[in-house]
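Given next are the chains, with one letter for each unit.
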Amino acid sequence: MELDTLEELSRKGFIDEKIDPTLDLFDEIEKLKKEKNAIILAHYYQDPDIQDIADYIGDSLGLSQEAAKTEADIIVFAGVHFMAETAKILSPGKKVLLPDIKAGCSLADSCPPHLFKIFKEKYPDHLVITYVNCTAELKAMSDIVCTSTNAVQIVESLPKDQKIIFGPDKNLGAWVSKKTGRDLVLWNGACMVHEIFSREKITKLKERHPFAKFIAHPECEDAVLQMADYIGSTTGLLKYTTNSDAKEFIVATESGIIHQMEKANPRKTFIPAPPNNNCACNDCPYMKRNTLEKLYLCLKNESPEVTVPAHIIIKARKPIERMLEISAQFGL
Ligand code: 13P
Ligand code: SF4
């Protein structure tokens, strides 16, 4: 058996590589980006430092659109594993890096592909729409992929009598079903971050801030969504706070989005909606695994890299491309 060198172990993420504390990581990352023709794509749930150094910050749809059209040789995906996989499927010739390879997703984990296969077989005349928050393998079993920005339009683009399975998020699925008036067969999956908002604590917060608008992501449970003045994807929520005349907002989604809300609206106040535990706000433990230090190391070492088997790329690409086509038709 060959022994790994220290450098190899560090590349694989088994040991922490030390960073010279005198380095200005923002400068170093900029230098590496130019040198390697790399682009940094970041989701709104990332740490503010990562959002500030990113070339593009967006929601799941925007990030996929950007990954599909980039001319860069390397995509550093500051997000979670399924997002990096989607980028790889859309740009298979490029190297896709994820600062922390363990940045997974509880929602994607709630739908193991082998169980979904059995579930799907029970509904042979149904079309399969999967939320982008799932594994590449699950996408390969789907007819169309969607995000929270386009899920309603994607369902509405199908004939009224078309039977549909929607997975893996039951909360998003129930919301889409309500909005479109269509029956959807739902997979019983959920996001741990959006499921734990406390209706009681939000009610108290609303009483203390009677003029605040309460806004929520559709991954939240119906009981929380029913209280909302506006429901939308992260981009939808951000736009709503900018266009609204309100001065205060209670925000029921991962707290990272508040960084962009505050940047766009410095005179407005944003209050993270409280979860039903002792934390004041709600962070995604997967999204927050990425740090500026890990981002620097991954760009320097070109590792950890996210790869997807060729046969999965071929099958998973079609439903993602279908999503991008339908989104373009709706101007999304
Ligand atoms: P959007 O980026 O589509 O709003 O989804 C949020 C999310 O949960 C990503 O993990
Ligand atoms: Fe997954 Fe939820 Fe985290 Fe998004 S917020 S990455 S859906 S666990």
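Details of the structure are given in the entry above.
Residues numbered from 1 in each chain as written. Chains lettered and ligands numbered in written order. Predicted model: local features only at pLDDT ≥ 70, side-chain atom pairs only at ≥ 80, totals over all residues. Heavy atoms only, no water.

S.K.: Report on the packing of aromatic side chains, specifying residues and quantitative values.
M.R.: Under the criterion given, the structure shown has seven aromatic pairs. Relative to Phe249, the ring of Tyr240 has its centre 6.3 Å away and its plane inclined at 85°; by these criteria the two rings are edge-to-face. Members of the aromatic cluster, joined through ring pairs, are Phe116, Phe119, Tyr123 and Trp187. (Phe/Tyr/Trp six-rings, centres within 6.5 Å; stacked < 30°, edge-to-face > 60°.)

S.K.: Could you give an account of the pairing of strand E9 (residues 213–216), with specific residues and numbers?
M.R.: With four bridges connecting them, E9 and strand E11 (residues 248–252) associate as parallel partners. Opposite Ala216, over in E11, you have Ala252 as the bridge partner. By the bridge criterion, two bridges tie E9 to strand E10 (residues 230–231) in an arrangement that is parallel. For Ala216, the partnering residue across the bridge sits in E10 and is Ile231. (Pairing = 2+ DSSP bridges. Helix = DSSP H or I, 4+ residues; strand = E, 2+ residues; numbered from the N terminus.)

S.K.: Tell me about the environment of Met227, residues and numbers included.
M.R.: Topologically, Met227 is positioned in the loop between helix H12 (222–225) and E10. C-alpha separation for the pair Met227 and Pro272, spaced 45 residues apart in sequence, amounts to 15 Å. When neighbours within four sequence positions are excluded, Met227 is seen to be in contact with Arg199, Ile202, Thr203, Lys206 and Phe214. (Contact = heavy atoms within 4.5 Å.)

S.K.: Describe in detail the site of ligand 1, supporting the description with residues and values.
M.R.: Taken together, the neighbourhood of ligand 1 is formed by 13 residues, with His43, Ser148, His217, Glu219 and Thr234 sitting nearest. A distance of 3.0 Å is found between an oxygen atom of ligand 1 and a backbone nitrogen or oxygen belonging to Ser60. Bound to the protein, ligand 1 loses 96% of the 300 Å² it would expose on its own. Structurally, ligand 1 is housed in the largest cavity. (Near = heavy atom within 4 Å. Polar contact = N/O pair within 3.5 Å; in protein donor to acceptor, adjacent residues only side chain to side chain. Areas by Shrake-Rupley, 256 points an atom, 1.4 Å probe, with all protein chains shown as cover. 1 Å grid on protein atoms, 1.4 Å probe; cavity = no way out; pocket = protein on both sides within 12 Å on 5 of 7 lines; lining within 4 Å. Sits in = over half its atoms within 2 Å of the grid points.)

S.K.: So what's going on with empty space enclosed by the protein? Which residues, and what values?
M.R.: Applying the stated rule across the entire model yields two cavities of 30 Å³ or more. Space inside the largest cavity adds up to approximately 230 Å³. Forming the boundary of the largest cavity are 25 residues, of which Tyr45, Phe82, Asn133, Glu219 and Met287 lie nearest the centre. Of all the secondary-structure elements, those providing two or more residues to the lining of the largest cavity are helix H5 (81–90) and helix H6 (106–109). Looking at the lining of the largest cavity residue by residue, the class counts come to 13 nonpolar, 10 polar and two charged. The wall of the second largest cavity is formed by Ser60, Leu63, Ser64, Ala67, Phe77, Phe82, Met83, Thr86, Ala87 and Val132. For the lining of the second largest cavity, the secondary structure elements donating two or more residues are helix H4 (60–69) and H5. The residue inventory of the lining of the second largest cavity, partitioned by class, reads seven nonpolar, three polar and no charged. (Points joined across faces, edges and corners; volume = space filled by probe spheres on them. Nonpolar A, V, L, I, M, F, W, Y, C, P; charged D, E, K, R; others polar.)

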